[in-house]
Amino acid sequence: MEHKPNIREMAEEWCGNYKSYVFGFAFSLMLTLCSFGLVLFWNPGKERLIVYLIGLALMQALVQLTCFLHVFQEQKPRWKLFAFFGMVLILFIIAGGSFWIMNDLNTRTMHEMIHD
Amino acid sequence: MKSLVVHHDSHVTAPASTIDPHQDSFSKAFLGFWIYLMSDCLIFACLFVTYALFQKSIFGGPSSKDLFELKTAFIETFLLLSSSVSCGFGVIAAGKNKRAQMFIWLFLTFLLGASFVGIELSEFLTFVHEGYSWQTSAFLSSFFALVGTHGAHVSFGLLWLFVMLGQLLFQGVSSDTFRRLVLFALFWHFLDLIWIFIFTFVYLIGVI
């Protein structure tokens, strides 16, 4: 007979509290402002700027994963964390693999010689 | 009469200390929905990769630098982030059975989310009226596919929220409606997570 939890138990498992959302909001907003500010007011060269923007995006993703989605606060056994890392692995394979393949194909076609 | 005594090999039994707490109906629904969200992440990842590979394929039409306005992107980001936070507050209020607060936060979530969709739709319509639709170039096709799919997710989320508001109004905060509200909150937070990568890779990197 499956246990049907009451609201208090569910709310406890969900681990939300006002502080984590306020902190997540402030931190996310700050990181967003940094990203937009970097693009509007800084010119270090395209490659460096892209690296910093990706870094800021990953930081904000971590903040939102922790403060809004509570991924790292799960009780053991951490099935959701397990599923998350599985997804990240597949993502690296798909995204990284696609980039690698398409870049390789790009260098093999003489696209620079084709005029629009 | 012989009694059957079953002897357990003592070093074969599993330790009793790590009992899985996730055996109840809420945890299973939560995990199942979470796995769905992970698969949705992969769909978005494929759309992102497609967009990245076609970002320069403008076919004589406008490029990302010509089209995107950072002001719009920032407003959209702020709206979605705020709606994510108000959604979280709504769930907390529901857990504490504070109905009035819950309705206020969830209604605010709906307003902010609807504003986001409205601004995004007007941006799309502006592009189309200027003659730059998904048929113009590979860049625009992949842009509309990626950002449009995210916008469609948000729109369906708004429909879900609308239904949840109705359920909470008529059924109150029961264990069933609370579970559904938590799953909605997961979905809504996930959409803001995806948007982080959209505003970074599409709008910010597109403009530099």
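Given the structure is predicted, the values throughout are model-derived calculations rather than measurements.

### Focus on the overall build of chain B
The helix and strand tally for chain B stands at 6 helices and 0 strands. Secondary structure elements of chain B occur, N-terminal to C-terminal, as α-α-α-α-α-α. Counting over 208 residues, chain B shows a buried share of 51%. A separation of at least 24 residues holds for 81% of the contacts in chain B among residues at least 6 apart in sequence.

### Some words on the overall build of chain A
A tally of helices and strands in chain A yields 4 helices and 0 strands. Counting helices and strands in the order they occur from the N terminus, chain A gives α-α-α-α. By the compact-globule yardstick of 13 Å for 116 residues, chain A is too spread out, its C-alpha radius of gyration being 21 Å. In terms of overall dimensions, chain A has a C-alpha envelope of 70 × 40 × 25 Å along the principal axes. Taking all 116 residues of chain A together, 33% fall into the buried category.

### Topic: helix α3 (residues 70-95) of chain B
Residues and elements named next belong to chain B. Helix length check: α3, at 26 residues, gives a terminal C-alpha distance of 38 Å against a target of 38 Å (1.5 Å per residue), a fit within 8%. Counting buried residues along α3, 21 of its 26 residues qualify, which places the element largely inside the surrounding structure. At the C-terminal side of α3, N97 shows a positive phi close to 60°.

### Digging into the nonpolar core
Counting residues in each nonpolar core, the largest one holds 93 residues, and the members touching the most others are F68, M102, F143, L186, V202 and Y203 of chain B. With 23 residues, the single largest contributor to this core is helix α6 (residues 175-207) of chain B.

### With respect to the confidence of the model for chain B
With 89% of its residues at a pLDDT of 70 or more, chain B has an overall mean of 91. Of the two predicted TM-score estimates for the complex, the pTM is 0.89 and the ipTM is 0.89.

### Examining the environment of W100 of chain A
With respect to the helices and strands, the residue W100 of chain A is situated in helix α4 (residues 79-108). W100 of chain A sits 86 residues away from W14 of chain A along the chain, and the two C-alpha atoms are 39 Å apart.

### Side note on the environment of G90 of chain B
All names here are of chain B. Among the structural elements, G90 can be located in helix α3. Judged by relative accessible area, G90 falls into the buried class, the value being 0%. Discounting residues that sit within four places of it in the chain, G90 has contacts with M102, W105, L106 and L181.

### Things to note about the side chain of T177 of chain B
All names here are of chain B. With respect to the helices and strands, T177 occurs in helix α6. There is a polar contact of 2.9 Å between the side chain of T177 and the backbone oxygen of G172. What T177 contacts, discounting residues up to four positions off in sequence, is M164, Q167, L168, Q171 and G172.

### Here we look at the packing of aromatic side chains
Overall, the coordinates contain 35 aromatic pairs over all chains when judged by the stated rule. Relative to F190 of chain B, the ring of F187 of chain B lies with its centre 6.4 Å away and its plane at 35°, an arrangement referred to as tilted. Remark: F190 of chain B and F187 of chain B occur in helix α6; sequence separation between them is 3 residues, near one turn of the helix. This pair shows no difference in class: F187 of chain B is buried, exactly as F190 of chain B is. Over the ring of F30 of chain B we find K80 of chain A; its NZ or CZ atom is 4.5 Å from the centre of that ring.

### Brief notes about the interface of chain B and chain A
Tallying the contact residues gives 59 residues for chain B and 53 residues for chain A. Across the chain B to chain A interface the summed buried area is about 5200 Å²; carbon plus sulfur atoms make up 81%. If you look at where chain B meets chain A, you find 0 salt bridges. Connecting chain B to chain A are 3 residue pairs in polar contact (both at pLDDT 80 or more). Of all the secondary structure elements, the ones that give two or more residues to the side of chain B that touches chain A are α1 (25-54), α3 and α6 of chain B.

### Quick look at the packing of helix α3 (residues 46-67) of chain A against α6 of chain B
Interaxial distance between α3 of chain A and α6 of chain B falls to 10 Å at its minimum, and their mutual angle equals 170°. In terms of axis orientation, α3 of chain A runs roughly antiparallel to α6 of chain B. Here α3 of chain A contributes I50, L53, I54, A57, L58, Q60, A61, Q64 and L65 of chain A to the contact with α6 of chain B, which in turn contributes H189, D192, L193, I196, F197, F199, T200, F201, L204 and I205 of chain B. Looking at the contact of α3 of chain A with α6 of chain B residue by residue, the class counts come to 14 nonpolar, 4 polar and 1 charged.

Criteria and cut-off values
Residues numbered from 1 in each chain as written. Chains lettered and ligands numbered in written order. Predicted model: local features only at pLDDT ≥ 70, side-chain atom pairs only at ≥ 80, totals over all residues. Heavy atoms only, no water. Helix = DSSP H or I, 4+ residues; strand = E, 2+ residues; numbered from the N terminus. Buried < 20%, exposed > 50% of the residue type's maximum accessible area, 1.4 Å probe, protein only. Contact = heavy atoms within 4.5 Å. Rg over C-alpha atoms; globule rule 2.2 N^0.38 Å. Expected span 1.5 Å × (residues − 1). Core = buried A, V, L, I, M, F, W, Y, C linked by side-chain atoms within 4.5 Å. pLDDT = per-residue confidence, 0-100. Polar contact = N/O pair within 3.5 Å; in protein donor to acceptor, adjacent residues only side chain to side chain. Phe/Tyr/Trp six-rings, centres within 6.5 Å; stacked < 30°, edge-to-face > 60°. Lys NZ or Arg CZ within 6 Å of the ring centre and 35° of its normal. Buried area = accessible area lost by both parts, 1.4 Å probe. Salt bridge = Lys/Arg side-chain N within 4 Å of Asp/Glu carboxyl O. Axes fitted to C-alpha atoms, helices over the stretch in contact; angles between N-to-C directions. Parallel < 35°, antiparallel > 145°, perpendicular 65-115°, else oblique. Nonpolar A, V, L, I, M, F, W, Y, C, P; charged D, E, K, R; others polar.

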